[in-house]
Amino acid sequence: MSKIKESELIINPDGSIYHLNILPEDIATTIITVGDPDRVSSVSKYFDTIEVKKAKREFVTHTGTLRGKRISVISTGIGTDNIDIVFNELDALVNVDFTSRTVKEDFTSLDIIRIGTSGSIQADIPVDAFLISEYAIGFDSLLHFYESDHVLDAELSEAFVKQTNWSPRKSEPYVVKGNRDLVDQLASEKTVLGFTATNVGFYGPQSRKIRLNVQDEQLNDKLATFNHNNKKITNLEMETAGIYGLANLLGHRSVSMNAIIANRPLGQFSNTPKETVDELIQYTLGKLA
């Protein structure tokens, strides 16, 4: 088996992976990702024990146990560019031998659960709701840098491009699924199932105008009215499509749990966003452990 070059897999002097700054033994096989580094402790405070606390840049990692189950929580920062770093390095931690720099013969699959905030683009999905992403559509170009056609839903993406008159100057949208088993495990009467749009920015890409005009004034309306075989886009955020795409490519299971803190068509924002996120954290942990 070929050796991975030092320039491709960068290992720190202490044996930890380059960006995350953690060792293979530092992580569990069940991992919660959050965007905000400060949210890591908001999750780990519910653990019964904490054995690992490490941080580098925006990447904060805590590993501990909850009711006998070992769980890690890691902050990714915002955007699919950071997801590319986190997911490749998490996979390397469990599936690459750092000493020989070769891929291990025995594959380890991770369960990766995103807990994050999102805005609804459907009037009937209220603020403070919990939404689980069954599907995600990515408006970034991350998955196009990998051999990924076999994990993408070409029919859905082509229908979206046609219905929205998508500009050819923008990245080609890609559609990916969350893991069905994890979706079913985390779903209940308290959750809504959705089709999440992952965009490359918070302002213009999500049709917010402060001083700059946007290329497509009707984009959010087009997203909200898209319908292909009864699949409708429900919410906007900035990581889920990258998470689903890389998890599917690498052989891991992933699901995205969204705290809906804004309703864009109604112009509403949650009065209690922190409390809503905390409730989603407790709900998710209860389902996992």
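Before reading further, recall that the structure is shown in the block above.
In this text, all values refer to a predicted model and were calculated from it rather than measured experimentally. (Residues numbered from 1 in each chain as written. Predicted model: local features only at pLDDT ≥ 70, side-chain atom pairs only at ≥ 80, totals over all residues. Heavy atoms only, no water.)

Comments concerning the overall build of the protein
Inference 1: Assigned secondary structure in the protein consists of seven helices and 13 strands.
Inference 2: In terms of C-alpha radius of gyration, the protein reaches 19 Å, essentially the compact-globule figure of 19 Å for 289 residues.
Inference 3: Dimensions of the protein, computed from the C-alpha atoms along their principal axes, are close to 55 × 40 × 40 Å.
Inference 4: Within the span of the protein, comprising 289 residues, buried residues form 53% of the whole.
Inference 5: Restricting the contact set of the protein to residue pairs at least 6 apart, pairs at least 24 apart contribute 76%.
Inference 6: Carbon and sulfur atoms form 48% of the exposed surface of the protein, whose accessible area is close to 13,700 Å². (Helix = DSSP H or I, 4+ residues; strand = E, 2+ residues; numbered from the N terminus. Rg over C-alpha atoms; globule rule 2.2 N^0.38 Å. Buried < 20%, exposed > 50% of the residue type's maximum accessible area, 1.4 Å probe, protein only. Contact = heavy atoms within 4.5 Å. Areas by Shrake-Rupley, 256 points an atom, 1.4 Å probe, with all protein chains shown as cover.)

Remarks on the pattern of salt bridges
Inference 1: On inspection of all chains with the given rule, the structure shows 11 salt bridges.
Inference 2: Two residues, Asp111 and Arg253, come together in a salt bridge whose shortest N-O distance is 2.7 Å. With Asp111 in strand S7 (residues 111-120) and Arg253 in strand S12 (residues 253-263), this pair connects stretches of sequence that are 142 residues apart.
Inference 3: A relative accessible area of 17% places Asp111 in the buried class.
Inference 4: Of the residues examined, Arg253 reaches a relative accessible area of 25% and is grouped as partly exposed.
Inference 5: Asp184 is the partner of Arg180 in a salt bridge, and the nearest nitrogen-oxygen pair spans 3.1 Å. One end of the pair, Arg180, and the other, Asp184, are both in helix H4 (residues 180-186), four residues apart, so they sit about a helical turn from each other.
Inference 6: The exposure class of Arg180 is partly exposed, given its relative accessible area of 40%.
Inference 7: The partly exposed category is assigned to Asp184, whose relative accessible area is 45%.
Inference 8: Look at the salt bridges and you will find they share partners, linking Asp111, Asp181 and Arg253 into a network. (Salt bridge = Lys/Arg side-chain N within 4 Å of Asp/Glu carboxyl O.)

Let's talk about helix H6 (residues 240-250)
Inference 1: Burial of H6 is extensive: eight of the 11 residues sit out of reach of the surface.
Inference 2: Count one or two residues on from H6 and you reach Gly251, which has phi positive near 90°.

Some details on a negative patch on the surface
Inference 1: Side chains of Glu147, Asp149, Glu155, Glu158 and Glu172 sit close together on the surface and give a patch of like negative charge.
Inference 2: Tracing the chain through its elements places Glu172 in the loop between helix H3 (154-164) and strand S9 (174-177). (Patch = residues over 30% accessible without salt bridge, like charges linked within 9 Å, V, L, I, M, F, W, Y side chains within 5 Å. Lys, Arg positive; Asp, Glu negative; His and termini not counted. Charge placed at Lys NZ, Arg CZ, Asp CG, Glu CD.)

Comments concerning empty space enclosed by the protein
Inference 1: Taken as a whole, this structure holds one cavity of 30 Å³ or more when the rule is applied.
Inference 2: As a volume, the largest cavity reaches approximately 40 Å³.
Inference 3: Around the largest cavity, the lining residues are Thr33, Val34, Gly35, Thr76, Ile83, Arg114, Ile115, Gly116, Glu239 and Ile243.
Inference 4: Contributing elements (two or more residues each) for the lining of the largest cavity: strand S1 (30-34) and S7. (1 Å grid on protein atoms, 1.4 Å probe; cavity = no way out; pocket = protein on both sides within 12 Å on 5 of 7 lines; lining within 4 Å. Points joined across faces, edges and corners; volume = space filled by probe spheres on them.)

Section: H3
Inference 1: Within the span of H3, buried status applies to Leu156, Ser157, Ala159, Phe160 and Thr164. Angularly, the buried residues of H3 cover 160° about the axis, an arc narrow enough to put them on a single face. Exposed side chains of H3 directed beyond 90 degrees from the buried face belong to Glu158 and Lys162.
Inference 2: In the core, the buried residues of H3 are packed alongside strand S8 (130-138), S9, strand S10 (191-198) and helix H5 (219-225).
Inference 3: Between a side-chain oxygen at the N-terminus of H3 and the backbone nitrogen of Glu155 the separation is 3.3 Å; the capping residue is Asp153.
Inference 4: The first or second residue beyond H3 is Asn165, which carries a positive phi of 50°. (Arc of directions from axis to C-beta. Polar contact = N/O pair within 3.5 Å; in protein donor to acceptor, adjacent residues only side chain to side chain.)

Here we look at the pairing of S1
Inference 1: Of all the five residues making up S1, five are buried; the element is thus mostly covered by neighbouring parts of the structure.
Inference 2: Side chains of S1 alternate between two faces, with Thr30, Ile32 and Val34 and Ile31 and Thr33 buried alike.
Inference 3: Where S1 and S7 come together, four bridges link them in parallel fashion. From the neighbouring strand, Ile32 faces S7, where its bridge partner is Ile113.
Inference 4: Note that S1 and strand S4 (residues 69-75) share four bridges and pair parallel. When the bridges of S4 are listed, Val34 appears paired with Ser75. (Pairing = 2+ DSSP bridges.)

Everything listed here is a matter of coordinates, which is why it stays silent on function.
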